[in-house]
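Working through the structure, step by step
Spelled out, the chains give:
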Amino acid sequence: MSELVKQPDETATGPVEPGPAAESDGPPDSGSGILRVFGRQLKRFRLRAGIERPEFGTRTGYSASTIAAYEQGRRVPPPRFIDVADEALDAGGVLQEMKEEVARAQFPAFFRDAARLEAEAVAVLAYDAQVVNGLLQTKEYARAVFAMMRPPLEDEVIEQRVAARLARQEIFARRPSPLTSFVIDESALRRPIGGYGVLRGQLEQILLVGQKRTVEIQVLPLRREENAGLAGPFTLFDTQEGRRVAYVEVQNVSQVHTERHLVRGLEVKYGTLRAQALTPQESLAYVEELLRES
């Protein structure tokens, strides 16, 4: 898997930092220097405190083998561990300062730019055609999606990716909560990824999230003769600085666009998709019908 990040030219609405170098869709540690840096710092503070791994694991609530994996940069430590470790080792905030970068390492390289944009956005507009958007996925649905990846992912990587995907959904709990708009092709809502039991749970989740005042979900029915999204899914992010940035991904190759003419083209496409789709109210009623059929 490679990563392509479209660099802004002089007409861009603002800079977007380039993402990590191309890397394979392997374990979270592959090509992720921040995990190794964090691990070395963690080990240095632990040795300075004269604490062995088993004892440190007891203090923090993790096994010695897990501590070793963190120190060696083989696993992504959760935010709670970083907070506890910083305090237990009297690190003076050094470990906590790396928390955001460490958290970003849990995503595959091609998605890290989008993850940063999403976490800071004041509005997110997404069109999806093959699978339900990650911000709406249940744990079971997300696990089934990752289990279908080819070449296959290791079980540990799958669980890491699932946890990262669910963590993204904290966007709905932010205050102020960003505005989110989803246009979903009906085919994604009918495809029984993980089985019909998983699909039913996913449809219920969509109905639940769709009740939020800051969320609009629209379904593009298969019976529609027109579909402006045949070229594939994409996402638009509104930044706190008032800029709009586009993200496009296909086959684990991603591009972040800041050039106004490219972003404008996707804005027009999204507006057309919303017009072609059912209204939010009609869409939730439609999802209820799909739920009864599943």
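Residues numbered from 1 in each chain as written. Predicted model: local features only at pLDDT ≥ 70, side-chain atom pairs only at ≥ 80, totals over all residues. Heavy atoms only, no water.

1. Digging into the sheet that holds strand β6 (residues 253-257)
In any sheet, the strands associate via hydrogen bonds between backbone groups, in a parallel or an antiparallel arrangement. Strand order in the open sheet made by the 6 strands is β3-β2-β1-β4-β5-β6, with mixed pairing throughout. Each edge of the sheet is formed by a strand with only one pairing partner; in this case those strands are β3 (215-220) and β6. Going from strand to strand, the sheet's axes swing by 10° on average, the running direction of each strand aside. Here strand β4 (residues 234-238) pairs with strand β5 (residues 244-250) via 5 bridges, running antiparallel. Across the sheet, Phe-234 pairs through a bridge with Val-248, a residue of β5. Seen against the sheet, helix α6 (residues 112-120) touches β4, β5 and β6 and runs at an angle of roughly 45° to β4. (Pairing = 2+ DSSP bridges. Helix = DSSP H or I, 4+ residues; strand = E, 2+ residues; numbered from the N terminus. Axes fitted to C-alpha atoms, helices over the stretch in contact; angles between N-to-C directions. Contact = heavy atoms within 4.5 Å.)

2. A few points about the layout of surface pockets
Computed from the structure, the second largest pocket encloses a volume of approximately 840 Å³. Lining the second largest pocket are 29 residues; nearest its centre among them are Pro-79, Ala-103, Gln-106, Phe-107 and Ala-167. Among the elements of the structure, α4 (79-88), α5 (99-104), α6 and α8 (155-168) are those that each provide at least two residues to the lining of the second largest pocket. Ranked by the residues each element gives to the lining of the second largest pocket, the list is headed by α8, at 6 residues. Along the lines of polarity and charge, the residues of the lining of the second largest pocket split into 16 nonpolar, 2 polar and 11 charged. (1 Å grid on protein atoms, 1.4 Å probe; cavity = no way out; pocket = protein on both sides within 12 Å on 5 of 7 lines; lining within 4 Å. Points joined across faces, edges and corners; volume = space filled by probe spheres on them. Nonpolar A, V, L, I, M, F, W, Y, C, P; charged D, E, K, R; others polar.)

3. What to know about the nonpolar core
With 42 residues, the main nonpolar core has Leu-136, Phe-172, Phe-182, Ile-184 and Leu-189 as its most contacted residues. It is helix α10 (residues 196-209) that contributes the most residues to this core, 6 residues altogether. For Leu-136, the contacting residues outside a window of four places in its chain are Gln-169, Phe-172, Phe-182, Ile-184, Gln-202, Gln-205, Val-209 and Ile-217. By size, the runner-up hydrophobic cluster in this structure holds 18 residues, among which are Phe-56, Phe-81, Ile-82 and Ala-91. (Core = buried A, V, L, I, M, F, W, Y, C linked by side-chain atoms within 4.5 Å. Buried < 20%, exposed > 50% of the residue type's maximum accessible area, 1.4 Å probe, protein only.)

4. A word on the packing of aromatic side chains
Under the definition given, this model contains 8 aromatic pairs. Seen from their ring centres, Tyr-62 and Tyr-70 are 6.0 Å apart, and the 65° between their planes marks the pair as edge-to-face. Here the aromatic residues Phe-56, Tyr-62, Tyr-70 and Phe-81 are joined through ring pairs into a cluster of three or more. (Phe/Tyr/Trp six-rings, centres within 6.5 Å; stacked < 30°, edge-to-face > 60°.)

5. Some words on the confidence of the model for the protein chain
The pLDDT averaged across the protein chain works out to 88; a share of 89% of its residues lies at or above 70. Confidence drops under pLDDT 50 across residues 1-31; counting only partners more than four residues distant or on other chains, this segment forms 84 contacts. (pLDDT = per-residue confidence, 0-100.)

6. Considerations on the pattern of salt bridges
Under the definition given, this model contains 16 salt bridges. The shortest N-O distance in the salt bridge between Glu-216 and Arg-274 comes to 2.4 Å. Highlighted residues: Glu-216 in strand β3 and Arg-274 in helix α11 (residues 260-276), separated in sequence by 58 residues. On the accessibility criterion, Glu-216 (34% relative accessible area) is partly exposed. Each of the salt bridges in this network shares a partner with another, and the network as a whole consists of Asp-238, Arg-244, Arg-260, Arg-264 and Glu-267. (Salt bridge = Lys/Arg side-chain N within 4 Å of Asp/Glu carboxyl O.)

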